[in-house]
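# Observations on the model geometry
Spelled out, the chains give:
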Amino acid sequence: SGVPAARLGHAMAVLGMNLTEDEVEKRLTDLGRPEYIDQNMFHNLIEEELRKPMPKVQELLDYLKQFDKDGKGALSKEEVQELMRGSELSHEKVQASLRKMPRNSEGHLDIAKLSKYFLE
């Protein structure tokens, strides 16, 4: 027993995980096309969806990565200044914002944490 496979998309949508029909079909194929999705399978599907970055976070991550010249997943002070160039914020406001932002062990702004910071 469990969730009928034909209702998987609806069951995920109830949890706010709106999958396209193609995404539902892929999940079912990956699971071996069972007739029912048992609790374990359903739990694993939910965990898989929760590990995915939210679309807005991913868009921001992609944007910030453009400024990461060395590809280390963090922005140096210079890279952040390039990012902020053209912003309507004053230099003082930019500096005040930078002081609040999450940094990695080298003191650079961690892109993954930074994207979450901007979307909070």
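The structure contained in this document is the topic of the report that follows. Only a predicted model underlies this, so the values are computations on that prediction, with no experimental measurement involved.

### Re the overall build of the protein
A count of helical and extended segments in the protein gives seven helices and four strands. Seen in sequence order, the protein has helices and strands lined up from the N terminus as β-α-α-β-α-α-β-α-α-β-α. Within the protein, the proportion of its 120 residues that are buried is 31%. Nonlocal contacts in the protein, meaning residues at least 24 apart in sequence, comprise 53% of its contacts between residues at least 6 apart.

### Focus: the pattern of salt bridges
Under the defined criterion, the tally for this structure stands at four salt bridges. One salt-bridge network, in which partners are shared between bridges, spans Arg27, Glu48 and Glu49.

### With respect to the nonpolar core
One finds Leu64, Leu75, Val80, Leu83, Leu109 and Leu114 to be the most contacted residues of the largest nonpolar core, which totals 13 residues. Broken down by secondary-structure element, the contributors of at least two residues to this core are helix H4 (55-65), helix H5 (77-84) and helix H7 (111-119). Those residues within four positions of leucine 114 in sequence are excluded, and the remaining contacts are Leu64, Leu75, Met101, Pro102 and Leu109. Counting residues in hydrophobic clusters, the runner-up holds 12 residues, among them Leu8, Ala11, Met17 and Ile46.

Criteria and thresholds
Residues numbered from 1 in each chain as written. Predicted model: local features only at pLDDT ≥ 70, side-chain atom pairs only at ≥ 80, totals over all residues. Heavy atoms only, no water. Helix = DSSP H or I, 4+ residues; strand = E, 2+ residues; numbered from the N terminus. Buried < 20%, exposed > 50% of the residue type's maximum accessible area, 1.4 Å probe, protein only. Contact = heavy atoms within 4.5 Å. Salt bridge = Lys/Arg side-chain N within 4 Å of Asp/Glu carboxyl O. Core = buried A, V, L, I, M, F, W, Y, C linked by side-chain atoms within 4.5 Å.

Purely geometric numbers; function is a separate question.
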